[in-house]
Amino acid sequence: MSTAAQAYARTAQAAAPAREIEAQALLKAALQLQEIQSNWAGPDGRLHTALLFNRRLWSIFVSAAQNETNPQPIEIRQQIANIGIFVMKQTVDMQLLPEPGKLKSLIEINRNIAAGLLGRA
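Residues numbered from 1 in each chain as written. Predicted model: local features only at pLDDT ≥ 70, side-chain atom pairs only at ≥ 80, totals over all residues. Heavy atoms only, no water.

## What to know about a nonpolar patch on the surface
Phase 1: A surface patch of nonpolar side chains, about 310 Å² in accessible area, is lined by Val92, Leu96 and Leu97.
Phase 2: Note on Val92: relative accessible area 41%, which makes it partly exposed. (Patch = residues over 30% accessible without salt bridge, like charges linked within 9 Å, V, L, I, M, F, W, Y side chains within 5 Å. Areas by Shrake-Rupley, 256 points an atom, 1.4 Å probe, with all protein chains shown as cover. Salt bridge = Lys/Arg side-chain N within 4 Å of Asp/Glu carboxyl O. Buried < 20%, exposed > 50% of the residue type's maximum accessible area, 1.4 Å probe, protein only.)

What follows is the structure, encoded as structure tokens:
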């Protein structure tokens, strides 16, 4: 195996678990939000906890996208940052005026990004 092929294989092995961890975290956030939406009883501690988890998760993604050492192309990083900003705005809106229907976009974004990370898009 060539040196380049070996380097690629090592990188692929190291990157795959990170992508899977990110996808699982997004799916966990989506599940929490879905359970709240499906069993809506008004704003409560569960909603606050789920929104906080989702916001922290997306803060990590936005921070990573803005990092100049991030190996992803700038276009991908900008798209992730833009989605993250949208998620933050939706989260604030949900905190100010909680309605179960507003969770739909957050749930779908998390599931779609997770599917992409797992190669199921």
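Let us keep going from here.
## Some thoughts on the packing of helix 3 (residues 74-96) against helix 4 (residues 103-117)
Helix packing for two helices is described by the angle between their axes and how far apart those axes are.
Phase 1: Where helix 3 contacts helix 4, the axes come no closer than 9 Å and their chain directions differ by 150°. If you check the angle between helix 3 and helix 4, you find them roughly antiparallel. Considering only the axes of helix 3 and helix 4, their crossing is left-handed. Along the contact surface, helix 3 presents Ile83, Phe86, Val87, Gln90, Thr91 and Met94, while helix 4 presents Leu103, Ser105, Leu106, Ile109 and Ile113.
Phase 2: In the contact of helix 3 with helix 4, the residues fall into eight nonpolar, three polar and no charged. (Axes fitted to C-alpha atoms, helices over the stretch in contact; angles between N-to-C directions. Helix = DSSP H or I, 4+ residues; strand = E, 2+ residues; numbered from the N terminus. Parallel < 35°, antiparallel > 145°, perpendicular 65-115°, else oblique. Left-handed = near helix turned anticlockwise from the far one by under 90°. Contact = heavy atoms within 4.5 Å. Nonpolar A, V, L, I, M, F, W, Y, C, P; charged D, E, K, R; others polar.)

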